[in-house]
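What the coordinates show
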Amino acid sequence: MEGQLGQRLVADLIREIAHKNASGLLRLSKAKSIKALFFDSGVPVYAISNLSQEQLEGRLIEGGLATQAQ
């Protein structure tokens, strides 16, 4: 799969990746928000976001469980 996927549902894309046992990167973007999901043989193995509130370190700092220095 490659290219603009437009109006397809993300769940359908993930299901298709799993069905095909595909490996690679699914990059999703809307305005300034970017998400990337990494797949290995159809299984999601890692995900990242450019939004700090969706990143673990940002959540830990906001929750007072860690400091910026840590």
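Here, every reference points to the structure presented above.
An account of the accompanying structure is given in this report. (Residues numbered from 1 in each chain as written. Predicted model: local features only at pLDDT ≥ 70, side-chain atom pairs only at ≥ 80, totals over all residues. Heavy atoms only, no water.)

One ladder, built from 6 bridges, connects strand 2 (residues 33–40) with strand 3 (residues 43–49); its direction is antiparallel. From the neighbouring strand, Lys-35 faces strand 3, where its bridge partner is Ser-49. Joining the antiparallel neighbours strand 2 and strand 3 is a turn of 2 residues, in which Ser-41 adopts a positive phi near 50°. (Pairing = 2+ DSSP bridges. Helix = DSSP H or I, 4+ residues; strand = E, 2+ residues; numbered from the N terminus.)

Scanning the entire structure with this criterion turns up 3 salt bridges. Between Glu-54 and Lys-35 there is a salt bridge whose closest N-O contact spans 2.7 Å. In this pair, Glu-54 sits in the loop between strand 3 and helix 2 (56–62) while Lys-35 sits in strand 2, placing the two residues 19 residues apart along the sequence. Of the residues examined, Lys-35 reaches a relative accessible area of 23% and is grouped as partly exposed. (Salt bridge = Lys/Arg side-chain N within 4 Å of Asp/Glu carboxyl O. Buried < 20%, exposed > 50% of the residue type's maximum accessible area, 1.4 Å probe, protein only.)

Our focus in this paragraph is the sheet that holds strand 1 (residues 24–30). One open sheet accounts for 3 strands, arranged 1-2-3; its pairing is antiparallel. The open sheet has two edge strands with one neighbour each: strand 1 and strand 3. Ignoring strand direction, the axes of neighbouring strands in this sheet form an average angle of 20°. Across the sheet, helix 1 (residues 10–19) is in contact with strand 1 and strand 2; its angle to strand 1 comes to roughly 175°. (Axes fitted to C-alpha atoms, helices over the stretch in contact; angles between N-to-C directions. Contact = heavy atoms within 4.5 Å.)

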